[in-house]
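Letter by letter, the chains look like this.
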Amino acid sequence: MAETRQPVTMDTIVSLCRRRGFVFPSSEIYGGLGSTYDYGHYGVLLKNQIRSLWLRAMVQERDDIVALDSAIILNPAVWEASGHVSGFTDPLVDCRTCKLRFRADQLELASCGRKPSKRPGETPDCDLTEPRQFNLMFETHVGALQDASSAAYLRPETAQGIFINFKNVSQLARRKPPFGIAQVGKSFRNEITPGNFLFRVREFEQMEMEFFVPPADAEEWYAYWIEQRLSWHRSLGLRESNLRVREHSAEERSHYSSGTSDIEYLYPIGWQELEGVANRGEYDLTQHTQHSGTKLEWIDPDGGRYTPHVIEPAVSIERIFVALLCDAYDEEVVGDRERTVLRLHPKVAPVKAAILPLIPRDEGMAGRARALYEELRRHHVVEHDEGGQIGRRYRRQDEIGTPWAFTVDEQTLEDETVTVRERDSLAQERLPLSGVRAWLDDALERDWRSPQSD
Ligand code: GAP
């Protein structure tokens, strides 16, 4: 039977993220703000890697996809047309006893407010209301007046910014269907029960691509994008056994979808959606044509017209961030010491290499290490660390997933070579100081597979 749980717990990942400065609870000095997080240095570097690898696969390495960056606050008519004002809701139940609120369709994932904590509805004291629909969009006001005429929404998905620009982009991008528009940016949802660290948050960064195709080809492109996205997640180093595709039943699909498949990851909370791939048909372009009066259609050079169908792969950086850390986390005993190591694919690792002078107060070692660091940092994110025992410095780098450490030691002073230590195998070899840059460039291009793979 397929596993249903990761061996690593979410608490372990949360504590590593805090200890090593990846992620902090937001507004902490004011008591926090439920399920809101701030990213520290390594968190920012890891997010940058995820975003740039996505843009590279979606835009840089393809001829048929262009980039867009649309506004977060759009004309509220956009959300009327898209169906979000009437339909972007989750069923909400209140517990009259513990005064907490839960998603009625996810009670099995929630905890009742009473101790010992059970699922809402499981204790005789639970007194749940009937479910009612709760709209997840955050409302705000644009301009100095705070009345109904100035009401607006923070976008709950980046996709609508793409649809409303279809005409602009298709006229100027010199592309014809099949072609796509890709966008990365913050989205906001007033989730009823956020939680499980970054897995479900109210403010997150989506990476969405809308691929416009001739209607007759939609099914074929839907299958194509499921396969492409699955293989991209594998290319980040996520283990094959922790990924699967699950097709939604008709009842489960969103209002706009004529087919949706989730790429699921085996998180510590079980199999959950990492990325969704949807066949949105002609729903969005038709809705915006009707509501705006602007025809969003494709006109062939021979005059033939049609409304393209849309295939959409959509994922958040946060869900990938958690999946990468869960997948990479490992503890092992080396000699008589335990080490925690993040076995991240070198191409996603926040820091690519550490440069360590063995004895920092030795001028020869310190000078050479600093010079090597200054050379490498022009090309890669690398770190110079001279604080503490060498063993402690190695363990710090292991915990943030740095694949290689170059150590400048006594022998360097004699023969101008350094030791390179490999994070996963702990193997060490010597390299000429002058060849380190080329060695690192080459190492970053090599294939990598998780040593924890089956
Ligand atoms: N435009 C389609 C759309 O937004 P979705 O399934 O609601 O579809 C797409 O969201 C992706 O955004 C999800 O697969 C997930 O990766 C991410 N996502 C959605 N809600 C999220 C949340 N509250 N926190 C973190 N990521 C979220």
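Structure shown above.
Colleague: Mind laying out the sheet that holds strand S20 (residues 382–384), listing which residues take part and the relevant values?
Modeller: Pairing in this open sheet of 5 strands is mixed, and the strands run S20-S19-S21-S22-S23 from one edge to the other. Looking at which strands have only one partner, the edges of the open sheet turn out to be S20 and strand S23 (428–432). Each strand of the sheet is rotated relative to its neighbour by a mean of 25°, with strand direction disregarded. Bridge count for strand S22 (residues 417–422) against S23 is 5 bridges, and the pairing is antiparallel. Looking across to S23, one finds that Thr 419 is bridged to Arg 430.

Colleague: Tell me about helix H13 (residues 436–445), and name the residues and values.
Modeller: When we look at burial in H13, the residues that qualify are Val 436, Trp 439, Leu 440, Ala 443 and Leu 444. Mapping the buried residues of H13 onto a view down its axis gives an arc of 130°, with all of them on the same face. Away from the buried face of H13 by more than 90 degrees, exposed residues Ala 438 and Glu 445 are located. Buried-residue contacts for H13 involve strand S19 (353–357), helix H10 (363–376), S20, strand S21 (404–408), S22 and S23.

Colleague: Account for the pattern of salt bridges, with residues named and values stated.
Modeller: Following the criterion strictly, the structure yields 37 salt bridges and no others. Where Arg 20 meets Glu 399, a salt bridge forms, and the shortest distance between an N and an O atom there is 3.1 Å. On the criterion of sequence distance, the pair formed by Arg 20 in the loop between helix H1 (10–19) and strand S1 (23–25) and Glu 399 in helix H11 (residues 390–400) is long-range, its members being 379 residues apart. The exposure class of Arg 20 is partly exposed, given its relative accessible area of 23%. Of the charged contacts, one joins Arg 437 and Asp 441 as a salt bridge, the two residues approaching to 3.2 Å between their closest N and O atoms. With a gap of 4 residues between them, Arg 437 and Asp 441 both fall in helix H13, about one helical turn apart. The exposure class assigned to Asp 441 is partly exposed, which follows from its relative accessible area of 25%. The structure contains a network of salt bridges with shared partners spanning Asp 330, Glu 332, Arg 339, Arg 343, Asp 398, Arg 421, Arg 423 and Asp 424.

Colleague: I'd love a proper account of the nonpolar core, names of residues and values included.
Modeller: For soluble globular proteins, the rule of thumb is that nonpolar side chains tend to be buried together. In terms of nonpolar packing, the biggest core is built from 59 residues, with Phe 22, Trp 54, Trp 225, Leu 274, Ile 320, Phe 321 and Leu 324 touching the most fellow members. Sorting elements by how many residues they give to this core places helix H9 (residues 317–328) first, with 9 residues. In contact with Phe 321, not counting residues within four places along its chain, are Cys 17, Phe 22, Val 23, Tyr 39, Gly 43, Leu 46, Lys 47, Ile 50 and Leu 198. In this structure, Ala 353, Val 418, Leu 440 and Leu 444 belong to the second largest nonpolar core, which totals 20 residues.

Colleague: Tell me about the state of the cysteines, residues and numbers included.
Modeller: In the structure shown here, the tally under the stated rule is 0 disulfides. Considering cysteine sulfurs only, Cys 126 is the nearest to Cys 112, which forms no disulfide, with 3.9 Å between them. The buried category is assigned to Cys 112, whose relative accessible area is 4%. Classification of Cys 126 as buried rests on a relative accessible area of 16%.

Colleague: Can you explain the site of the ligand? Please cite residues and give values.
Modeller: Near the ligand, the surroundings consist of 21 residues, among which Glu 157, Arg 189, Glu 208, Glu 273 and Leu 274 are the closest. One nitrogen or oxygen atom from the side chain of Glu 157 is found 2.6 Å from a nitrogen atom belonging to the ligand. Side-chain polar atom of Gln 206 to an oxygen atom of the ligand: 3.1 Å apart, as the coordinates give it. Protein contact buries 91% of the 560 Å² of open area that the ligand shows by itself. Comparing atom positions with the cavity grids shows the ligand to sit within the largest pocket. Elements with a minimum of two residues in the shell around the ligand: strand S10 (203–213), strand S13 (270–281) and strand S16 (309–316). Counting residues per element, the shell around the ligand draws most heavily on S13, which supplies 5 residues. Taken together, the residues of the shell around the ligand sort by class into 8 nonpolar, 3 polar and 10 charged.

Colleague: An account of the layout of surface pockets is needed here, citing residue identities and associated values.
Modeller: The volume enclosed by the largest pocket comes to roughly 1,200 Å³. Residue lining of the largest pocket: 46 residues in total, with Arg 189, Arg 200, His 248, Ser 254 and Glu 273 positioned closest to the centre. Of all elements in the fold, only helix H4 (84–87), strand S4 (89–94), S10, strand S12 (259–267), S13, S16 and H9 reach the threshold of two or more residues within the lining of the largest pocket. Of the residues forming the lining of the largest pocket, the biggest block, 9 residues, is contributed by S13. Classifying every residue of the lining of the largest pocket by side-chain character gives 15 nonpolar, 12 polar and 19 charged. Here the second largest pocket is characterised by a volume of approximately 690 Å³. Forming the walls of the second largest pocket are 26 residues, and the residues nearest its centre are Leu 53, Arg 56, Glu 61, Ser 235 and Lys 347. Looking at the lining of the second largest pocket, the elements with two or more residues in it are helix H2 (41–60), helix H7 (218–235) and H13. With 7 residues, the single largest contributor to the lining of the second largest pocket is H2.

Parameters and conventions
- Residues numbered from 1 in each chain as written.
- Predicted model: local features only at pLDDT ≥ 70, side-chain atom pairs only at ≥ 80, totals over all residues.
- Heavy atoms only, no water.
- Pairing = 2+ DSSP bridges.
- Helix = DSSP H or I, 4+ residues; strand = E, 2+ residues; numbered from the N terminus.
- Axes fitted to C-alpha atoms, helices over the stretch in contact; angles between N-to-C directions.
- Buried < 20%, exposed > 50% of the residue type's maximum accessible area, 1.4 Å probe, protein only.
- Arc of directions from axis to C-beta.
- Contact = heavy atoms within 4.5 Å.
- Salt bridge = Lys/Arg side-chain N within 4 Å of Asp/Glu carboxyl O.
- Core = buried A, V, L, I, M, F, W, Y, C linked by side-chain atoms within 4.5 Å.
- Disulfide = S-S within 2.5 Å.
- Near = heavy atom within 4 Å.
- Polar contact = N/O pair within 3.5 Å; in protein donor to acceptor, adjacent residues only side chain to side chain.
- Areas by Shrake-Rupley, 256 points an atom, 1.4 Å probe, with all protein chains shown as cover.
- 1 Å grid on protein atoms, 1.4 Å probe; cavity = no way out; pocket = protein on both sides within 12 Å on 5 of 7 lines; lining within 4 Å.
- Sits in = over half its atoms within 2 Å of the grid points.
- Nonpolar A, V, L, I, M, F, W, Y, C, P; charged D, E, K, R; others polar.
- Points joined across faces, edges and corners; volume = space filled by probe spheres on them.

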